[in-house]
Amino acid sequence: MYEPLTLPPIRRPKKSKIKSSVINMDLEAIRARRNRLEALTVAMRTSSVERLSSLRHDDVHMPRVACFSASKMRRQHREPNASASKSIKLEPLNRSSPDTGMSTLDKYGSNDPLLRRGSSQEVSTPKPGSPNQSTAELLAIECEEFNTEPEEAEPADDVDKDPELEEILKQLGSSDESTQLLGAKTARERVSDAENDCVDRYVEAGILPLLLSLFDKDHIPELQFESLWAITNIAAGKNEHTKAVVDANGLPGILRLLSSSHEKVVLQAVWAVSNITGDNAAMRDHVVRAGVVPILNQLVYKYQTVEAQRILSWTLSNLLRFKPVGMSDEERLTCLQALQPYLRADDDAVRVDAARGLEFASDGSDAHIRQVLDLDELPIIIGYLDSADYRLVRVGAKIIGNIVSGDDELQTEQVVQAGAIPPLVSLLRDDEESIRKEAAWALSNILAGTAQQINEVMKAGILAELLYILDDPEETRQVGREASWCLSNICNGGSEGIIDELVVAGTISTMLGYLRKHIDDQNLTTLLLMACKEAVKRTTQAAVLKQSLDYTEVEQLLTPLIGAGNENASGLWIEIKTKVFTES
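Thresholds, definitions, all that
Residues numbered from 1 in each chain as written. Predicted model: local features only at pLDDT ≥ 70, side-chain atom pairs only at ≥ 80, totals over all residues. Heavy atoms only, no water. Helix = DSSP H or I, 4+ residues; strand = E, 2+ residues; numbered from the N terminus. Buried < 20%, exposed > 50% of the residue type's maximum accessible area, 1.4 Å probe, protein only. Contact = heavy atoms within 4.5 Å. Areas by Shrake-Rupley, 256 points an atom, 1.4 Å probe, with all protein chains shown as cover. Salt bridge = Lys/Arg side-chain N within 4 Å of Asp/Glu carboxyl O. Phe/Tyr/Trp six-rings, centres within 6.5 Å; stacked < 30°, edge-to-face > 60°.

The secondary structure content of the protein amounts to 31 helices and zero strands. Here the protein, with 584 residues, has 54% of them falling under the buried criterion. Within the protein, contacts between residues at least 6 apart in sequence are counted, and of these 74% link residues at least 24 apart. Counting every atom, the protein has about 25,800 Å² of accessible surface; 50% of that belongs to carbon and sulfur.

On to the pattern of salt bridges. Close approach of charged atoms allows side chains with opposite charge to pair. If you walk through the whole model with that rule in mind, you get 25 salt bridges. The partner of E164 in a salt bridge is R190, and the shortest N-O contact between them spans 2.5 Å. Separated by 26 residues along the polypeptide, E164 in helix 4 (residues 163–172) and R190 in helix 5 (residues 177–192) bring together distant segments of the chain. When its relative accessible area of 33% is taken as the criterion, E164 is described as partly exposed. Salt-bridge contacts for K264 lead to E222; the nearest nitrogen and oxygen are separated by 3.8 Å.

Before going further, it helps to examine helix 23 (residues 451–459). Most of helix 23 sits out of view: seven of its nine residues are buried. Contact partners of the buried residues in helix 23: helix 20 (409–417), helix 21 (421–426), helix 22 (433–446), helix 24 (462–471), helix 25 (477–493) and helix 26 (496–504). Residue G461 follows helix 23 closely and has a positive phi angle near 85°.

A few words now on the packing of aromatic side chains. Here the structure, examined in full by the defined rule, presents four aromatic pairs. On the numbers, 5.2 Å between centres and 50° between planes, the contact of Y551 with W573 is tilted. Of this pair, Y551 sits in helix 30 (residues 551–563) while W573 sits in helix 31 (residues 567–580), placing them 22 residues apart in sequence. With relative accessibility at 9%, the residue W573 sits in the buried group. Both rings, one in Y551 and one in F581, keep their centres 5.1 Å apart while their planes meet at 85°; by these two values the pair is edge-to-face. Taken together, the positions of Y551 in helix 30 and F581 in the segment after helix 31 put the pair 30 residues apart, joining distant regions of the chain. Note on Y551: relative accessible area 24%, which makes it partly exposed.

Structure, rendered in structure tokens:
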């Protein structure tokens, strides 16, 4: 007779004691809590804005707006509103968090659901009409809708056919500095206009050397500023535009202006550095090798205006964005320490970018996670979880998720002892789907820890929240998958008493019901079957389990899977028949 695939619980050595207590969760209490959660959800979905505003902040987060800052962005022709979104061009982030599907049982590369999971890369797909979609693609789509062939695009005008460009080049090459300033301003205005696709023509016409030559005009800071502004926005464009700036030897001149005596020039130079850094990992490494890290560290303490803090925090975050890590441990630590004061800034955008730097830095090896923990800023990060700013809540959950996804048990224990579990559990009913997903992902990795850590999470009331997620027909599959990981890790690593609590609460029936709704997801099916089999095998509450399961429904669910050769379905069915329905 075959031996069905089973997953023995993983018990790791306990390295740090936690005060234990008896866990007492009766079924009626769980049902009452789930009823309250359901009532709250209905109220949130049907009430008016006025009724929602009457809820306490502890009960529900108010709607949040604005997305994270992009890796590169233009400085607009007019000065941007201080409250405006920073995103101009969104780049794929190199991190993190639960994905929307799994190619193997463990979407992060392991066949063991108990092992800690890292993070998958987020991939952004340009939407029709977005800045990331080319004009040619949009034209093809439009022509397809009308069943016509796209017309060939007319070739770009040569310089001699563009009087304005010819005049700009003439002004920049003039020996008269007032004329050069006029040319620099005009060039800046043209490349600052996102709707004016002129950068290719300007670069091909040779404008970069002319603009870069103006960096030497130390006696005319306005001329340096205007030429820097133009260079900044050229570097904010396509990859080839950024490369053209670097290939024209623009970086040394930009770095030299970081020591200007004029704050306006310095901050524009920092912005240019950030656009080059935010292009890709190779460009970031090139900037780091040029010695920018210690310079930025000095500027953090020299300039304290909100504008300076926004630009510097964003730039330091960009330095930590890409993988592989292209700087030494000392340079990484310098960036992290430079970001530290910004974690407490009064400006929301500054705090978000500073926190994003920690998010990028914590997405790596245990040594990199240790650098973040050594900042001793866990209380601040955990405090973000209760912020009214959606961005801070999400990035705080990501940082904690990165930390507890490492292999060092002491690092997870630090998060537990710092009090991260209760706010994470409360986020499982947040109104933002992405926040619920991040919180569930972080909790699933804590639940992959010791039995004591599982006890701490259970004491925070996670079971009722997880069951509510799986029962909610309007919940997304992404959040449901992360909740399933949480339950799987509890089933495989929890004590016998915890397993019995799951059974008494009807968890096995809920997981099988969720499996029935998502039977098309092979990896989720395997995860839930293994978890249910382990729980049935270990429980001492067979009589209670029998009352919560319908023999015929379970048989109808598992029989097709068994017929398809699913060994986990066979193993679960054997456990149920021999332990629960022995008389059936």
